[in-house]
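Structural description and commentary
Below are the chains, spelled out letter by letter.
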Amino acid sequence: MGHTATAEAGSGGLTATEHRLANGLRVVLSEDHLTPVAAVCLWYDVGSRHEVKGRTGLAHLFEHLMFQGSASVPGNGHFELVQGAGGSLNGTTSFERTNYFETMPTHQLELALWLEADRMGSLLAALDEESMENQRDVVKNERRQRYDNVPYGTAFEKLTALAYPEGHPYHHTPIGSMADLDAASLEDARTFFRTYYAPNNAVLSVVGDIDPEQTLAWVEKYFGSIPSHDGKQPPRDGSLPEVIGRELREEITEEVPARALMAAYRLPHDGTRECDAADVALTVLGGGESSRLHNRLVRRDQTAVAAGFGMLRLAGAPSLGWLDVKTSGGVEVPAIEAAVDEELARFAAEGPTAEEMERAQAQLEREWLDRLSTVAGRADELCRFAVLFGDPQLALTAVQRVLSVTAEEVQAVAAARLRPDNRAVLVYEPLAGSDGSEATDATEATDENEGAEQ
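Residues numbered from 1 in each chain as written. Predicted model: local features only at pLDDT ≥ 70, side-chain atom pairs only at ≥ 80, totals over all residues. Heavy atoms only, no water.

Glancing now at the environment of Val-207. As for its position among the elements, Val-207 is in strand β6 (residues 202-208). For Val-207, a relative accessible area of 0% translates into the label buried. Along the backbone, Val-207 and Pro-235 are 28 residues apart, and their C-alpha atoms lie at a distance of 29 Å. In this structure, Val-207 is in contact with Ser-30, Val-37, Ala-38, Ala-39, Val-375, Arg-378, Ala-379 and Leu-382, ignoring residues within four places of it in sequence. (Helix = DSSP H or I, 4+ residues; strand = E, 2+ residues; numbered from the N terminus. Buried < 20%, exposed > 50% of the residue type's maximum accessible area, 1.4 Å probe, protein only. Contact = heavy atoms within 4.5 Å.)

What follows is the structure, encoded as structure tokens:
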């Protein structure tokens, strides 16, 4: 079976073994017989950071094209076969990867593996102008529904464009622009597929009620003959100075239900101890109803209806700390901003209390356990650490790193990074005639995925 490297790492009884096919496909298996289901997850090491100017949105367009038929599975067959077998499935695109996943009854695992191998190996045979045009329209419609025509819908795109300068690989979001989607040709798509949808650019994880030997035999049978491809260029350098150096600001007047303050702070890269410390800091400051910003703005001052601080972890560029505050009634944004800066300055000066550390770390531990407790969540985490950090075993020990962070480290990263000269700011003003007395809930700031809810 080519080279087979096997490693075991225990975390709460969870283990994972690693294997590599001769064509370069990395395979991670994790046995768990608690329920009679198996999750298949495939991460391709391609996201919007691999795109070039004028051709944005190809990674996300491809995520849709992968559900449009391959040599043996025409049209909508992938969905019909998985759902007909009692399974669920989807795909998402982010800055740093594209993933595809199925959760199947155990006895249908072979079907999911065959389906994933068929489209990896033969999508080009089925890709034509019609399917390209069809999915181009679907993505443009998704853009309208999720970005252009909803309140605050373009905030993520606008803040990303401010936080990462023009020409930076993370300057544009995975959804892509309408103009670039129109400009993409069938040949662009074919070249993109050949370059990135190769077995040596992917990690396949299978988690759940599996027989590892049988599973590996199926993987070898269906994926083993797909040729590798060596044309991939490494992604462009995403490194930037630790601090932006000045506040970048944009004010927007449009039809929104309430005034809003949103900001993105430049934070350490994912995979570093400083990033884990920043995660704890943001949890203390803005993670839920016990957080400092919620207590100050929503409970005490009653100037906001929602205040949250989330984190977008990124491996190939600085991560982003994502502040989102929706104001209450006719409250003006400067009052909110002054209160936020006061809280951040106090936190930088004093750091978290012992109780806040305990609560934030417990909250992050619970979120990690929730992800690993489902077979699909664990399959995704194993792929994530394999693709972004080269080692799936790190998924099983991630929480230990978060729990080892000290209050001093949390205070230090907050003092260094959560400053007015290290943020991009968006201020939303409702159009005249709107009293701004209603507000939507704070959006979940950390979801960078452009999911294809097919």
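There is more to say, and it comes next.
Take the packing of aromatic side chains next. The final tally for this structure, using the stated rule, is 17 aromatic pairs. Consider the rings of Tyr-164 and Tyr-170, whose centres lie 5.8 Å apart with planes at 45°: the pair is tilted. Assessed through its relative accessible area of 1%, Tyr-164 is described here as buried. The class for Tyr-170 is buried, based on a relative accessible area of 1%. Ring pairing ties together the aromatic residues Tyr-44, Phe-62, Phe-67, Phe-79, Tyr-100, Phe-192, Phe-193, Tyr-196 and Tyr-197, which thus form one cluster. (Phe/Tyr/Trp six-rings, centres within 6.5 Å; stacked < 30°, edge-to-face > 60°.)

Here we take up unusual backbone geometry. You will see that Tyr-152, though not glycine, has its phi angle at about 60°, which is positive. Summarising the element assignment, Tyr-152 is placed in the loop between α4 (129-148) and α5 (155-163). Although it is not a glycine, Gln-302 adopts a positive phi angle of roughly 55°. Mapping Gln-302 onto the fold places it in the loop between α10 (292-300) and β9 (304-312). For Gln-302, a relative accessible area of 56% corresponds to the exposed category.

On to the pairing of strand β10 (residues 319-327). In terms of burial, β10 is largely enclosed, as nine of its nine residues are buried. Both faces of β10 are covered, namely the face carrying Ser-319, Gly-321, Leu-323, Val-325 and Thr-327 and the face carrying Leu-320, Trp-322, Asp-324 and Lys-326. Examined bridge by bridge, strand β8 (residues 260-267) and β10 share eight bridges and lie antiparallel to one another. Residue pairing for β10: Met-262 is matched across the bridge by Asp-324. Of the pairings in the sheet, the one linking β9 to β10 comprises eight bridges and is antiparallel in character. Bridge pairing in β10 links Phe-309 to Leu-323. (Pairing = 2+ DSSP bridges.)

The subject of this paragraph is the sheet that holds β9. An order of β7-β11-β8-β10-β9 is seen for the five strands of this open sheet, with the pairing classed as mixed. With partners counted over all chains shown, the strands left at the sheet margins are β7 (248-254) and β9, one partner each. This sheet shows a mean twist of 10° between the axes of neighbouring strands, independent of strand direction. Where α5 meets the sheet, it contacts β7, β8, β9, β10 and β11 (423-430), and its direction lies at approximately 145° from that of β11. (Axes fitted to C-alpha atoms, helices over the stretch in contact; angles between N-to-C directions.)

Turning to the side chain of Arg-259, a few remarks are in order. By the element assignment, Arg-259 lies in the loop between β7 and β8. In this structure the side chain of Arg-259 is engaged in a polar contact, spanning 3.2 Å, whose partner is the backbone oxygen of Val-331. Reaching out from Arg-259, the side chain makes a polar contact with the side chain of Glu-429 at a distance of 2.9 Å. Sequence-distant contacts of Arg-259, that is, excluding residues within four places in its chain, are made with Val-325, Lys-326, Thr-327, Gly-330, Val-331, Glu-332, Val-333, Tyr-428, Glu-429 and Pro-430. (Polar contact = N/O pair within 3.5 Å; in protein donor to acceptor, adjacent residues only side chain to side chain.)

Right, let's talk about the nonpolar core for a bit. Buried together is how nonpolar side chains tend to be arranged in soluble globular proteins. Within the largest apolar cluster, 52 residues are counted, with the highest numbers of intra-cluster contacts made by Leu-25, Tyr-44, Phe-62, Leu-113, Tyr-197, Leu-204 and Phe-223. Setting aside anything within four residues of it in sequence, one finds Leu-113 in contact with Val-40, Leu-204, Val-206, Thr-215, Trp-218, Val-219, Tyr-222 and Phe-223. Core analysis: the next-biggest nonpolar cluster, separate from the first, contains 39 residues, Val-298, Ala-307, Phe-347 and Ala-360 among them. (Core = buried A, V, L, I, M, F, W, Y, C linked by side-chain atoms within 4.5 Å.)

On to the environment of Gln-361, then. Relative to the assigned elements, Gln-361 resides in helix α12 (residues 354-373). A relative accessible area of 12% places Gln-361 in the buried class. Counting along the chain gives 82 residues from Gln-361 to Asp-279, while the straight-line C-alpha distance between them is 9.3 Å. Within polar-contact distance, the side chain of Gln-361 engages the backbone oxygen of Val-402 at 3.0 Å. In terms of polar contacts, Gln-361 uses its side chain to reach the backbone carbonyl oxygen of Val-405, at 3.1 Å.

Read these as geometric descriptors, not functional statements.
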